[in-house]
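Chains, contacts and geometry: an overview
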Amino acid sequence: MGSSPAQAKHVAIIMDGNGRWAKRRALPRAMGHQRGVEAVRKLVRSVGSMGLDCLTLYAFSSENWKRPDEEVDDLMNLMRKFIKSDLPEFIANDVRLKIIGDWQGLAPDIVAMLEDALEQTSGGSRTLAVALNYGAQQEIARAAAKAAAIGEVTDKSIAAHLDTNDLPPLDLLIRTSGEVRLSNFLLWQAAYAEMLFVDTLWPDFTPEHLQTALDDFADRERRFGGR
Ligand code: IPE
Ligand code: IPE
Ligand code: MG
C-alpha cells in the first residue's frame, strides 16, 4: 500500500523464556530472572529514542503464583531491587511508571514502594506500564463490574474502566521465547493489535530486537475491519 510507514506508539511485551535461558546454561532459574531484569533496564533506557509513548511489560501474571514459593520469592525480591535501583533513572529520564493488574494484592512493602514510585514519576511524559499480579480476564471482570455499577455495560464503558484506560491504543504485542499464546495478557486491548512472536529468549532480547520489531510493524497494513 502507498501509505507511509506507521510508527508504533504503544508496544506491549510478554517477557518469556528466563527459565529456559538459565537451563541452557545450567544456571539456577533465579539467574535467568536476574538477567531478564537487565534486559528490561536496557530496553527502558532505549524507548525514548524509538518514538514510543508507552511500553507495557508483563512481569508477573495472576497465574504465576502457582510457581514454587522459592521462585515467587525470587521474583518479588527482584521487583523490590529493581524499583529501588531504577527509580532515580525513571525520574531523570521523564518516565512515568504505571502498574496494571491487582498490584494492591502484593506484599505491603512492595505496595508502599510502588505507591511512592508512582507518585514520584507522575509527571513523566513517556509511560512504562508494568503488569504485576495481572490477568486480563480478571481485569475485564473488574471493569465490567464497574460499568454495571453505573448501569452502562457497553464496550466503551468497559474500556473506560480497564486498568489501561489512560494508555494509548495497543499497536504491537510481542512475545519472546517461541511460545505462541497470550497467557491472559491484554486480551481486550489486543483486539486489533498487531502480534509478533519471536524465538529470542527474554534475557537475550535487546533494544536492537525491539527496533527490528518496530520496523516490521511499520510495514504492516492495518485495516480495523475496513477495506
Ligand atoms: C518469564 O520467564 C518470566 C516470568 C514468567 C515471571 P519464565 O520463567 O516463564 O521462563 P520459561 O518460560 O520457563 O523459560
Ligand atoms: C507469561 O509467561 C507471564 C509473564 C511473562 C509474566 P508464562 O511463562 O507464565 O506463561 P505460560 O505459563 O507459559 O503460558
Ligand atoms: Mg514462561
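A brief look at the structure comes next. If you're wondering where the values come from, they're calculated on a predicted model, not measured in any experiment. (Residues numbered from 1 in each chain as written. Chains lettered and ligands numbered in written order. Predicted model: local features only at pLDDT ≥ 70, side-chain atom pairs only at ≥ 80, totals over all residues. Heavy atoms only, no water.)

As for the site of ligand 1
Residues in close proximity to ligand 1 total 13 residues, the closest being D16, G19, R20, R29 and R67. A distance of 2.7 Å separates an oxygen atom of ligand 1 from a polar atom in the side chain of R20. Within the complex, 86% of the 380 Å² of free accessible area of ligand 1 lies under protein. Elements supplying a minimum of two residues to the shell around ligand 1: helix 1 (18–24), helix 2 (29–47) and helix 3 (69–92). At three residues, the largest contribution of residues to the shell around ligand 1 is made by helix 1. Here the residues of the shell around ligand 1 sort into three nonpolar, five polar and five charged. (Near = heavy atom within 4 Å. Polar contact = N/O pair within 3.5 Å; in protein donor to acceptor, adjacent residues only side chain to side chain. Areas by Shrake-Rupley, 256 points an atom, 1.4 Å probe, with all protein chains shown as cover. Helix = DSSP H or I, 4+ residues; strand = E, 2+ residues; numbered from the N terminus. Nonpolar A, V, L, I, M, F, W, Y, C, P; charged D, E, K, R; others polar.)

Quick notes on helix 7 (residues 207–218)
An ideal rise of 1.5 Å per residue puts 16 Å on 12 residues; helix 7 measures up with 16 Å between its terminal C-alpha atoms. Among the residues making up helix 7, those that are buried are P207, L210, A213, L214, F217 and A218. Relative to the axis of helix 7, the buried residues are bounded by an arc of 140° and lie together on one face. Seen from the open side of helix 7, the exposed residues pointing more than 90 degrees away from its buried face are E208 and T212. (Expected span 1.5 Å × (residues − 1). Buried < 20%, exposed > 50% of the residue type's maximum accessible area, 1.4 Å probe, protein only. Arc of directions from axis to C-beta.)

Brief notes about unusual backbone geometry
The phi dihedral of D94 falls on the positive side, at around 65°, and the residue is not glycine. The residue D94 is located in the loop between helix 3 and strand 3 (95–100) in this model. Take D94: its relative accessible area is 34%, and that puts it in the partly exposed class.

What about the pattern of salt bridges?
Across all of its chains, the model carries 18 salt bridges by this definition. With a closest N to O distance of 3.0 Å, D171 and R222 form a salt bridge. Within this pair, whereas D171 is found in the loop between helix 6 (155–160) and strand 5 (172–175), its partner R222 is found in the segment after helix 7, the two being separated by 51 residues in sequence. One salt-bridge network, in which partners are shared between bridges, spans D16, R20, R175, E179 and R181. (Salt bridge = Lys/Arg side-chain N within 4 Å of Asp/Glu carboxyl O.)

So, the environment of A112
For A112, the location among the structural elements is in helix 4 (residues 108–120). Looking at A112, the relative accessible area reads 42%, which means it is partly exposed.

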